[in-house]
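Results of the structural survey
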Amino acid sequence: MPVLLFFIALFGLSGCTPDAAPRRVGDYRMAGELRVATRLDAISYRQEAQGETSGFEHDLLQKLGQRLGVPVRFVVYPDAPRALDAVLNGEVHLAAAGITRNERFPLRWSAPLREVDYVLVGRSDDREIDGEDDLAGRTISMRRGSAPVEALDRIRKRVPGLNLHFPARLGDQALLEQLGQGKLDLIATDRVHFALAAQTNPIFVIAYNLPARSEIAWALPIDAGSLAAEVDAFLAGARESALLARIADRYFGHIRRLDDQDVAVFLGHMRTRLPAYRQHFHDAQARTGVDWRFLAALAYQESRWDPLATSRTGVRGMMMLTSETADRLGVGDRLDARESILGGARYFSMLRDQLPGGIAEPDRSWIAVAAYNLGMGHMNGARAIARGMGRHDTTWWDMKAVLPLLSRPEYAARLKSGPARGGEAVIMTENIRNFHGILARLEPPYTPPLQPPGLKLGRAGD
């Protein structure tokens, strides 16, 4: 498509005209905020049911705002073309919406945030695709403006009967949901979106690897000037300090750990086992303030929601408590599901509270989960080893690299409690991250009723 026609199409899609151009936002220092165009997406920017916002680019931009000394204001647009249009019109200072770098736009691009490759996602109950010829007669749906468009357009010229479909204003997550419902044939998306969707749809498979790769970057105006220099310096520092890697791990580092069978079994247990214990998890949240879905994920990793579970080491029950811990928490019967859940929730909450104040969420909860498995003594020892190695003892990214060392004699000798299976604690924590992610997408949050003033919640077993 000629460049002129490309931009005519872009403005046509956005519904903006030069006559209706909005007021320019101006320098971020004069505006007193960094205004960012984004779109709702499971990876880059998402809004939780209770109004919280998060996401890979969201968290990174919050750090940029701290460097610049201004708050970040996110302006949500329907899709990536609209977000780019907002930059071209001067409505925002930059666009961050999972956008692939494209030099054909009259924009200034940041350094790459991450590289992505693309796949066709189908269903395991559909016919296999061994090569391009098997795409004949198929319909591939994708987000408008996404990177695979050009590669698929070239394939379409070689394969008769291949159809490309661009549903209006649907992002990757919504397209994948429609695929799961059998409403669409094939979806072109990136590998991370596929892995995230496969957590709740084990029927999804990579049907075909597309010959397309791209880089996700931020889009700024051509004349961004000092802001562009600040962004470049920030991203260079984030890469050097591993901040970029830590935030990426927060959102992507765990999602490929479960295989299709693990997910299928978990979803089955959500239907058959969880309903009997949901109220107990709600009550545990009311007593501890820990999201019930996180507690349910912890319980599933421990016992598969089996209240009679017993290990060879003597830990028992839904939350797999030792007899010593149960006695300390006032749990009279470890095999009673309610007592175990309330006791395990209280124990986790205690461990989380014992961690130093400098450990922020969600790393705080993940480190506390590992301590639930290892004990706080071993966790404190691991944090000391991390500091001695020049690593951050306040981030899960660094601690999950250190914990497996606890089984090695040269490191175990430094621990008062002796060696520990730190690698198992890492696997446990990463699994819980997966289970919690699935529960958070499929189960609604719980809002406990207000307690009368002065009401005491009592012990875990009450």
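Quick note: structure is the one above.
No experiment lies behind these values; they were computed from the predicted model shown.

1. A look at the sheet that holds strand β8 (residues 139–141)
Backbone-to-backbone hydrogen bonds pair the strands of a sheet. The strands run either parallel or antiparallel. Taken together, the 5 strands give an open sheet; going across it, the order is β9-β8-β10-β7-β11, and neighbouring strands pair in mixed fashion. Edge positions in the open sheet fall to β9 (163–165) and β11 (204–216), since each of these has one partner strand only. The average undirected angle you get between the axes of adjacent strands in this sheet is 25°.

2. Comments concerning the nonpolar core
In a soluble, globular protein the nonpolar side chains are often hidden away together inside. Judged by nonpolar contacts, the single largest core of 64 residues is most densely connected at Phe281, Trp305, Phe348, Tyr372, Met379 and Leu403. Grouped together as the second largest cluster of nonpolar side chains are 55 residues, Val36, Leu61, Ala195 and Val231 included.

3. Regarding the pairing of strand β1 (residues 34–38)
Among the 5 residues that make up β1, 4 are buried, leaving the element largely enclosed by the rest of the structure. As paired elements, β1 and strand β4 (residues 72–76) share 5 bridges and run parallel to each other. Residue pairing for β4: threonine 38 is matched across the bridge by valine 76. The sheet contact formed by β1 and strand β5 (residues 94–95) spans 2 bridges and is parallel. Opposite valine 36, over in β5, you have leucine 94 as the bridge partner.

4. Regarding a negative patch on the surface
A grouping of Glu128, Asp130, Asp133 and Asp134 is seen on the molecular surface, where their side chains present a negatively charged patch. By secondary structure assignment, the location of aspartate 134 is in the loop between β7 (114–123) and β8. The class for aspartate 134 is partly exposed, based on a relative accessible area of 32%.

5. Regarding the side chain of serine 44
With respect to the helices, strands and loops of the structure, serine 44 is situated in the loop between β1 and β2 (46–47). Residues in contact with serine 44, not counting those within four places in the same chain, are Ser54, Gly55, Phe56, Glu57, His58, Ala97 and Gly98.

6. Topic: the packing of aromatic side chains
Throughout the structure, instances matching the rule amount to 9 aromatic pairs. Ring geometry for phenylalanine 294 against phenylalanine 348: centres 5.3 Å apart, planes inclined by 35°, an arrangement best described as tilted. Here phenylalanine 294, found in helix α12 (residues 292–303), pairs with phenylalanine 348, found in helix α14 (residues 337–354); they are 54 residues apart in sequence, far enough to count as distant. With a centroid separation of 4.9 Å and 75° between ring planes, the pair formed by tyrosine 300 and phenylalanine 435 is classed as edge-to-face. A residue pair is termed long-range when its members are at least 10 positions apart, and tyrosine 300 in helix α12 and phenylalanine 435 in helix α19 (residues 422–442) qualify at 135 residues.

7. Digging into empty space enclosed by the protein
Summary: where empty space remains is shown by rolling a probe the size of a single water molecule over the atoms. All chains considered together, the criterion is met by 2 cavities of 30 Å³ or more. What lines the largest cavity is a set of 16 residues, among which Gly98, Arg143, Asp172, Asp190 and His193 lie closest to the centre. Looking at the lining of the largest cavity, the elements that each hand over two or more residues are β7 and β10 (186–190). For the lining of the largest cavity, the class distribution of residues is 5 nonpolar, 5 polar and 6 charged.

8. Description of the environment of isoleucine 155
Structurally, the position occupied by isoleucine 155 is in helix α5 (residues 148–158). Separated by 113 residues in the primary sequence, isoleucine 155 and glycine 268 place their C-alpha atoms 39 Å from one another.

9. Let's talk about helix α15 (residues 363–374)
With 12 residues, α15 extends 16 Å from end C-alpha to end C-alpha; this agrees with the ideal 16 Å at 1.5 Å per step. Of all 12 residues making up α15, 11 are buried, and the element is well covered by its neighbours. For α15, every residue scored as buried is listed here: Asp363, Arg364, Ser365, Trp366, Ile367, Ala368, Val369, Ala370, Ala371, Tyr372 and Leu374. Packed against the buried residues of α15 are α9 (243–252), α12, α14, α16 (376–388), α17 (396–402) and α19.

10. Examining the side chain of glutamate 57
Position of glutamate 57 among the secondary structure elements: in helix α3 (residues 56–68). Arginine 114 provides the closest opposite charge to the buried, unpaired glutamate 57, separated from it by 5.9 Å. At 2.7 Å, the side chain of glutamate 57 and the backbone nitrogen of glycine 98 are in polar contact.

11. With respect to α5
Because each turn of an α-helix spans 3.6 residues, side chains separated by three or four positions in sequence point in the same direction. Of the positions making up α5, those classed as buried are Pro148, Ala151, Leu152 and Ile155. Projection of α5 onto a plane perpendicular to its axis shows the buried side chains occupying an angular sector of 95°, all on one side. Where α5 is buried, its residues touch β7, β8, β9, β10 and β11.

12. Here's the deal with the environment of leucine 308
Mapped onto the elements of the fold, leucine 308 is located in the loop between α12 and α13 (323–329). Judged by its relative accessible area of 56%, leucine 308 is exposed. Separated by 27 residues in sequence, leucine 308 and leucine 335 have C-alpha atoms that sit 5.4 Å apart.

Here is what the cut-offs are and how they apply
- Residues numbered from 1 in each chain as written.
- Predicted model: local features only at pLDDT ≥ 70, side-chain atom pairs only at ≥ 80, totals over all residues.
- Heavy atoms only, no water.
- Pairing = 2+ DSSP bridges.
- Helix = DSSP H or I, 4+ residues; strand = E, 2+ residues; numbered from the N terminus.
- Axes fitted to C-alpha atoms, helices over the stretch in contact; angles between N-to-C directions.
- Core = buried A, V, L, I, M, F, W, Y, C linked by side-chain atoms within 4.5 Å.
- Buried < 20%, exposed > 50% of the residue type's maximum accessible area, 1.4 Å probe, protein only.
- Patch = residues over 30% accessible without salt bridge, like charges linked within 9 Å, V, L, I, M, F, W, Y side chains within 5 Å.
- Areas by Shrake-Rupley, 256 points an atom, 1.4 Å probe, with all protein chains shown as cover.
- Salt bridge = Lys/Arg side-chain N within 4 Å of Asp/Glu carboxyl O.
- Lys, Arg positive; Asp, Glu negative; His and termini not counted.
- Charge placed at Lys NZ, Arg CZ, Asp CG, Glu CD.
- Contact = heavy atoms within 4.5 Å.
- Phe/Tyr/Trp six-rings, centres within 6.5 Å; stacked < 30°, edge-to-face > 60°.
- 1 Å grid on protein atoms, 1.4 Å probe; cavity = no way out; pocket = protein on both sides within 12 Å on 5 of 7 lines; lining within 4 Å.
- Points joined across faces, edges and corners; volume = space filled by probe spheres on them.
- Nonpolar A, V, L, I, M, F, W, Y, C, P; charged D, E, K, R; others polar.
- Expected span 1.5 Å × (residues − 1).
- Polar contact = N/O pair within 3.5 Å; in protein donor to acceptor, adjacent residues only side chain to side chain.
- Arc of directions from axis to C-beta.

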